[in-house]
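This is what each chain is made of:
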Amino acid sequence: MSISLSSLILLPIWINMSQIQQGGPDEKEKTTALKDLLSRIDLDELMKKDEPPLDFPDTLEGFEYAFNEKGQLRHIKTGEPFVFNYREDLHRWNQKRYEALGEIITKYVYDLLEKDCNLKKIFIPVDATESEPKSFIFMSEDALTNPQKLMVLIHGSGVVRAGQWARKLIINEDLDSGTQIPFIKRAMDEGYGVIVLNPNENCIEVEKPKTHVQSSSDSSDEPVEKRERKDKVSKETKKRRDFYEKYRNPQREKEMMQLYIRENGSPEEHTVYVWDHFIAKSAAENVFFVAHSYGGLAFVELMIQREADVKSKVTAVALTDSVHNVWHQEAGKTIREWMRENCCNWVSSSEPLDTSVESMLPDCPRVSAGGSKQGRRKIKDD
């Protein structure tokens, strides 16, 4: 006789029910609670009982990984690339492990921007109080004072942060493929000031405070017996709820809430904010943008809100797989005309590099990013 996994999981509960049904009134209450539990049980949540703890290292060394001299992530002992399916049949746990490693990668890239590229971390809002949520960008020493050229980099959507194009490429390929570092170094070598935006850092997460329900005994107008009866029901309800939760979600994660960063609550807001407080005030005669994916949409939104200023300061814009849409974003005719002259969108294509690619939108030219393996390696936001 075959026994399903769900039967094995629920078997201890059925046994427990048969035992307590033989008891007194208190045991019968537990029986009622268990029956209620079985009617609403979420098997997927219940199966988390068999998951290893969601407790992961907070350093690359703890994961036993390191970047080699080629910028490739490799296991310290085996030299093998990163393995996603570390534990078979535990996709959720593997995903959480991958996300934990990704957070370490983000901090690692931040360190490279400061130590390897010599960029400065600048906190925003510029007038933030000590207690309010903050974000940050990175700038070269001469970003605001370089009289000639300024390069501005904007990544796409998802989990990527300042200095990254794609987390997956950093983990599975190398640092040069997945980070903005080669762009930054070449720009600085050629005399550009550099500003690296951080458009996905829109909020901070904090643990949600527990809500305290006011005791009914505080209602002094009610008779004493009625208040006592209400308190007893409230305690029993809480006891039953805790009993359910013990079985329903033993791997329960903390409930979090988001505190948005003032004037930087979205990629579009962030881009406009950095323009107003840094780029517009820079001494550079010529400003150049490189914007990937959603970064292209954020740039178009900047143009819509600051059209005259952008036209007077920006010389050219290189887009890569940009997801902007001049119709949905309601970009005016003058903006579309400017984009046709000053923007180019390199898109994933099997055609040779710089080959024209047909576009249905009347904005900027679209050309192939190249037909080689490197050119076809489409950057996907995580």
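Now for a quick tour of the structure. Being a predicted model, the structure only gives us computed values, none of them experimental.

1. Side note on the overall build of the protein
Counting secondary structure elements, the protein contains 14 helices and twelve strands. Per-residue burial over the protein gives 42% buried out of 382 residues. Contacts in the protein between residues at least 24 apart in sequence constitute 68% of all its contacts with a sequence separation of at least 6. Total accessible area on the protein is roughly 21900 Å²; 50% of this is exposed by carbon and sulfur atoms.

2. Quick word on the pattern of salt bridges
Taken as a whole and assessed by the stated rule, the structure comprises eleven salt bridges. Between Glu64 and Lys77 there is a salt bridge; the shortest N-O distance is 3.1 Å. Here Glu64 is found in the loop between helix 4 (60–63) and strand 1 (65–67), whereas its partner Lys77 is found in the loop between strand 2 (73–75) and helix 5 (91–115), with 13 residues between them in sequence. Judged by relative accessible area, Lys77 falls into the exposed class, the value being 64%. Put simply, Glu141 and Lys120 hold a salt bridge, and the shortest N to O gap is 3.9 Å. Linking Glu141 in the loop between strand 4 (135–139) and strand 5 (149–154) with Lys120 in strand 3 (residues 120–124), this pair joins segments that are 21 residues apart in sequence. Taking relative accessible area as the criterion, Glu141 reaches 59% and is therefore assigned exposed. By sharing partners, the salt bridges in this structure join Asp127, Glu132, Arg262 and Glu263 into a single network.

3. Overview of helix 10 (residues 267–279)
Burial runs high along helix 10: ten of the 13 residues are buried. For helix 10, the full list of buried residues reads Pro267, Glu268, His270, Thr271, Val272, Tyr273, Val274, Trp275, Phe278 and Ile279.

4. Considering the pairing of strand 5
For strand 5, the tally of buried residues reaches five of six residues, placing the bulk of the element in the interior. Sheet topology note: the strand 5/strand 9 (residues 286–292) ladder contains six bridges and is parallel. Paired with Val152 across the two strands is Phe289, which belongs to strand 9. Looking at chain direction, strand 5 and strand 6 (residues 193–196) are connected through four bridges and run parallel. When the bridges of strand 6 are listed, Leu150 appears paired with Gly193.

5. Things to note about the packing of aromatic side chains
Tallied over the full model, the rule gives 15 aromatic pairs. With 6.5 Å between their ring centres and 25 degrees between their planes, Trp275 and Phe289 make a pair best called stacked. Of this pair, Trp275 sits in helix 10 while Phe289 sits in strand 9; the two residues are 14 residues apart in sequence, bridging distant segments of the chain. The burial state of Trp275 is the same as that of Phe289; both residues are buried. Grouping aromatic residues by their ring pairs yields a cluster made of Tyr65, Phe82, Phe84 and Tyr98. It is Lys121 that lies over the ring of Phe136; its NZ or CZ is 4.4 Å from the centre.

6. Overview of the pairing of strand 10 (residues 314–320)
In the sheet, strand 9 pairs with strand 10 via six bridges, with the strands oriented parallel. In the strand pairing of strand 10, Phe288 is matched with Ala316. Pairing between strand 10 and strand 11 (residues 343–347): four bridges, direction parallel. Opposite Ala318, over in strand 11, you have Cys344 as the bridge partner.

Rules behind the numbers
Residues numbered from 1 in each chain as written. Predicted model: local features only at pLDDT ≥ 70, side-chain atom pairs only at ≥ 80, totals over all residues. Heavy atoms only, no water. Helix = DSSP H or I, 4+ residues; strand = E, 2+ residues; numbered from the N terminus. Buried < 20%, exposed > 50% of the residue type's maximum accessible area, 1.4 Å probe, protein only. Contact = heavy atoms within 4.5 Å. Areas by Shrake-Rupley, 256 points an atom, 1.4 Å probe, with all protein chains shown as cover. Salt bridge = Lys/Arg side-chain N within 4 Å of Asp/Glu carboxyl O. Pairing = 2+ DSSP bridges. Phe/Tyr/Trp six-rings, centres within 6.5 Å; stacked < 30°, edge-to-face > 60°. Lys NZ or Arg CZ within 6 Å of the ring centre and 35° of its normal.

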